[in-house]
Amino acid sequence: MSEALANLLNETRQFPPPAELAAGANVTADAYAEADADRLAFWERQAGRLSWAKQWDQVVDWSTPPFAKWFVGGQLNVAYNCLDRHVEAGRGDKVAIHWEGEPGDSRTITYADLHRMTCQAANALTDLGVTAGDRVAIYLPMIPEAAVAMLACARIGATHSVVFGGFSAESLTNRIQDATAKVVITADGGYRRGKPSALKPTVDEAVANCPSVEHVLVVRRTGEEVGWSARDHWWHETVEQASTEHAAQPFDAEHPLFILYTSGTTARPKGILHTTGGYLTQASYTAHAVFDLKPETDVYWCTADIGWVTGHSYIVYGPLSNGVTQVMYEGTPDTPHKGRFWEIVGRYGVTILYTAPTLIRTMMKWGEDIPAGYDLSSLRLLGSVGEPINPEAWMWYRQHVGGGELPIVDTWWQTETGAMMISPLPGVTAAKPGSAMAPLPGVSADVVDDQGQSVPNGGGGYLVLREPWPSMLRTIWGDDNRFIETYWSRFGAGATGDSGDPWIYFAGDGAKKDDDGHIWLLGRVDDVMLVSGHNISTTEVESALVSHPSVAEAAVVGATDPTTGQAIVAFAIPRGNADTSGEAGEQLIADLRNHVARTLGPIAKPRQIMLVPELPKTRSGKIMRRLLRDVAENRSLGDVTTLQDSSVMELIASGMGGGK
Ligand code: 6R9
């Protein structure tokens, strides 16, 4: 990465916070200074934003790295912090969730309602024999019961493992078996793309191979016919009949809160383990600081699914612990029409929107006329997460969703980090389009070279985290060795074997520091290409392509090449109005190759560009470059079970046959 081209990412635009937001921001520049002066005291103060049953004795125990303990000796209940304390403070009538189903049905759930529902679910789970430390798998659509199920587990100290509703029976089986879950919470189905999409049959198939499962709790959502067995219980016949009284017991700060499996593109999924006190501290603080949440006035909407970490930290635990009102939406952005998201923003007066670059690029492809047709004037802050956001997508988001003036927080973090780590602060940072900017207060991120040396400004390398942080993963469930091997053995003590060296967390992402020291994420390190001895990041070439007015979205891979080692092969989705037929298409491809060469230098000129209608994505919206590499190298397609739409691959492969 040190050889990254000198003229890459010469983005110079910078947007200071709107004066009004800066003047009233929850967090000011002082937070950086305070955290720099005393990092542990800073995190103690953030832990103090929560309600603890017992104060901790020690902020962090890092005596047996890389195994951390935070707020040692402290006790708290996560559900109490998300619900009871707001109700006790007289805010029970405040709306917690404006829920909208895909078919257009809706529910308004106050904090008092959510509290009652959670108490009932906690009692019902207890009746089914679930006790603290047991694991419960949750496989639900985006309905309020998903949040209730998670909070009920937290309330009784059961460890939840949410599995995204789009995963297959086999993926679900693996995850249930790995965690030896005792109960599965599911639904008959949910609505997707205008029709019911069944879940229960998948659970039946999975559970047949999971002897640990004693009970299956089923929410009725679609009303479709389902198979039934002795271990099945309807939610409305158990949970909704249970007592609404339940006293939350405090749990140890290090009590396991949840396991969440990261898919990984190749290897066996890793069960990322998060615990109670440190996780909630950082999820809650970052939601407060980065979204500038004002519980009295904001209506917040995160478009992620609860099956991903973003849904855990920024639909359930972060927003609810802050007592804010939020929107939760069940379905897809283009059902029944492509303006659905903007219609929802207008209907509920959404003030803060948190979404993913893949969504923004899809909206770009559909054209700016669509958001222009809706009233988006309630919005005051925009967020992005999940992938690097290309500068052009950032500008489009600001221009066409943010009316040319709203701040954008590009938040870098991972399932493993539990909460945001690198992001602008909306009232402080003058953000640059495409940069996550700087580590949040209390976080020490750095970019290092192959030897683990911090790179100077202008240099590129690997993103690392130098100090433990409260919401860090504690281990990989059942596999401490893999935890050490994956995250702690590339740099620092885990690499040198010298216990005098510091332990350094390897994030697996490439990154660069610009001349001002701001951080730019460059994608997973596996996605870096080596072309004629130059390291070139897929993200940079993709951003160059997307900066061309005819391109909405692009994916770039390095394909084996006899002369250059690897050659750049690009897949580009044209914008709605671009002419791509016959000769016009050939001309566009030639223009694009030249455009990249002009933007980044001749070394980055793609060998080949294909115009495609879609790109293969994981279900969480990340581009699957591994599959595109197979197409580019004419290999047979690998495992496509986690693809959003596997027919995309056939379309792309047939486009390849056309020789473009
Ligand atoms: C929260 C989440 C983690 C990986 C991470 C990185 C990519 C996430 C990003 C970003 C650039 C951002 N990523 N946010 N890359 N800029 N703002 O997505 O967790 O699903 O575990 O993925 O996503 O590559 O390492 P997870």
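Numbering of residues begins from 1 in every chain and follows the order in which that chain's sequence is written. Thresholds applied to this predicted model are a pLDDT of at least 70 for local features of residues and 80 or more for the giving and counting of side-chain atom pairs; totals over whole chains, interfaces and linings are not thresholded and use all residues. With hydrogens and water set aside, each side-chain value is computed from the structure's full complement of heavy atoms.

A. Expanded view of helix 18 (residues 538–546). Buried residues dominate helix 18, accounting for 9 of its 9 residues. Listing the buried residues of helix 18 in full gives T538, T539, E540, V541, E542, S543, A544, L545 and V546. Exposed residues in this analysis have more than 50% of their type's maximum accessible area, buried residues have under 20%, and partly exposed residues fall in between, with area computed by a 1.4 Å probe over protein chains only. A run of H or I in DSSP becomes a helix once it reaches four residues, and a run of E becomes a strand once it reaches two; helices and strands are each numbered from the N terminus.

B. Representation of the site of the ligand within the structure. Near, as used in this document, describes a residue that has one of its heavy atoms within 4 Å of the molecule or strand being considered. Taken together, 16 residues lie near the ligand, and D410, T411, T415, D509 and R524 sit nearest. For this analysis, a polar contact is any N or O atom pair within 3.5 Å, provided that within protein one partner can donate a hydrogen and the other can accept it, and provided that sequence-adjacent residues contribute only side-chain to side-chain pairs. Between R524 and the ligand, the recorded distance is 2.9 Å, taken from a side-chain N or O atom to an oxygen atom. A distance of 3.0 Å is found between an oxygen atom of the ligand and a side-chain nitrogen or oxygen belonging to K622. When the ligand sits alone it has 530 Å² of accessible area, and the protein chains cover 90% of it. Counting residues per element, the ones that place at least two in the shell around the ligand are helix 11 (309–321) and strand 25 (519–524). Residue classes in the shell around the ligand are distributed as 6 nonpolar, 5 polar and 5 charged. Values of accessible area rely on a 1.4 Å probe in the Shrake-Rupley scheme; residue burial ignores everything except the protein chains shown. Gly is put with the polar residues, along with every residue not named as nonpolar or charged; the nonpolar set is Ala, Val, Leu, Ile, Met, Phe, Trp, Tyr, Cys and Pro, and the charged set is Asp, Glu, Lys and Arg.

C. Region of interest: the confidence of the model for the protein. The predictor rates its confidence in each residue with pLDDT, a number between 0 and 100. When the pLDDT values of the protein are averaged, the result is 93; 94% of them are 70 or greater. Here a residue-residue contact requires only that any non-hydrogen atoms of the pair lie within 4.5 Å. Taken together, the stretch residues 1–7 has pLDDT below 50 and engages in 20 contacts with residues farther than four places along the chain or on a different chain. Within the model, pLDDT remains below 50 along residues 656–660, and this stretch shows 12 contacts once partners closer than five positions in the same chain are excluded. Among the prediction metrics, the complex's ipTM stands at 1.00, with pTM recorded as 0.90.

D. A look at the sheet that holds strand 20 (residues 408–410). Pairing is mixed in the open sheet, where 7 strands are placed in the order 5-4-17-16-18-19-20. A single partner strand is all that each edge strand has here, and the edge strands are strand 5 (106–110) and strand 20. In this sheet, neighbouring strand axes are inclined to one another by 15 degrees on average, regardless of whether the strands run parallel or antiparallel. With 3 bridges connecting them, strand 16 (residues 299–302) and strand 17 (residues 325–329) associate as parallel partners. Within strand 17, the position partnered with Y300 by the bridge is Q326. To obtain each axis, a line is fitted to C-alpha atoms, and for helices this fit is confined to the stretch in contact; angles are then taken between N-to-C directions over 0 to 180 degrees. Running over the sheet, helix 11 touches strand 4 (95–100), strand 16, strand 17 and strand 18 (352–355) and is turned about 165 degrees from strand 16. A pair of strands counts as paired when DSSP detects no fewer than two bridges linking them.

E. Seen up close, the UniProt feature "binding site: ATP" (unreviewed entry) in the protein. UniProt positions are given in the numbering used here, feature names are shortened, and annotations may be inferred rather than shown by experiment. UniProt marks G386, E387, P388, D410, T411, W412, W413, Q414, T415, D509 and R524 with the feature "binding site: ATP" (unreviewed entry), using the numbering shown here. Tracing the chain through its elements places G386 in the loop between strand 19 (381–384) and helix 15 (391–401). Along the chain, R524 falls in strand 25. On the basis of relative accessibility, which here comes to 39%, the residue R524 falls in the partly exposed class. Once residues within four sequence positions are removed from consideration, R524 is found in contact with Q414, A507, G508, D509 and G510. A polar contact of 3.0 Å, which involves the side chain of R524, links it to the backbone oxygen of A507.

F. Quick peek at the pattern of salt bridges. We define a salt bridge as a contact between a side-chain nitrogen of Lys or Arg and a carboxyl oxygen of Asp or Glu at a distance within 4 Å. By the definition in use, this model includes 33 salt bridges. One salt bridge connects D232 with K200, and the closest N-O pair in it is separated by 2.9 Å. Of this pair, D232 sits in strand 12 (residues 232–234) while K200 sits in helix 8 (residues 200–207), and the two are 32 residues apart along the sequence. Here D232 matches K200 in class, with each residue buried. Among the ionic pairs, E553 bridges to R361, the shortest N-O distance being 2.8 Å. Residue E553 is located in strand 28 (residues 551–561), and its partner R361 is located in helix 13 (residues 357–366); the two are separated by 192 residues in the primary sequence. No difference in accessibility class separates E553 from R361, as the two residues are buried. Each of E100, R340, E343 and R347 takes part in a single network of salt bridges with overlapping partners.

G. Expanded view of the packing of aromatic side chains. Between 30 and 60 degrees the pair is tilted, below 30 it is stacked and above 60 it is edge-to-face, where a pair is any two Phe, Tyr or Trp rings, Trp via its six-membered ring, whose centres lie within 6.5 Å. Counting across every chain of the model gives 32 aromatic pairs. Between F42 and Y285 the ring centres are 5.4 Å apart and the planes differ by 90 degrees, which places this aromatic pair in the edge-to-face class. Placement of the pair is F42 in helix 3 (residues 39–47) and Y285 in helix 10 (residues 277–290), with a sequence separation of 243 residues. Comparing F42 with Y285, the two get one shared label, buried. These aromatic residues form a ring-pair network of at least three members: W62, F67, W469, F483, Y487, W488 and Y505. Any Lys NZ or Arg CZ found within 6 Å of a ring centre and within 35 degrees of that ring's normal is scored as a charge over the ring. Its guanidinium or amino end placed over the ring of Y462, R490 lies 4.9 Å from that ring's centre, counting from NZ or CZ.

H. Highlighting the UniProt feature "modified residue: N6-acetyllysine" (unreviewed entry) in the protein. This chain's UniProt record puts "modified residue: N6-acetyllysine" (unreviewed entry) on K622. Following the sequence through the fold, K622 ends up in the loop between strand 30 (608–611) and helix 20 (625–632). On the basis of relative accessible area, K622 is assigned to the partly exposed category, the value being 36%.

I. Quick look at the packing of helix 7 (residues 169–179) against helix 8. Closest axis-to-axis distance for the helix 7/helix 8 pair is 8 Å, and the angle between their directions is 50 degrees. Comparing their axes, helix 8 and helix 7 come out oblique. Crossing hand, helix 7 versus helix 8: right-handed. Taken together, the residues of helix 8 that come into contact with helix 7 (itself represented by A169, L172 and T173) are T202, V203, E205 and A206. For classification purposes, angles smaller than 35 degrees are called roughly parallel, those larger than 145 roughly antiparallel, those between 65 and 115 roughly perpendicular, and all remaining angles oblique. The handedness criterion is simple: a crossing whose near helix is rotated anticlockwise from the far helix by less than a right angle is left-handed, and one whose near helix is rotated clockwise is right-handed.

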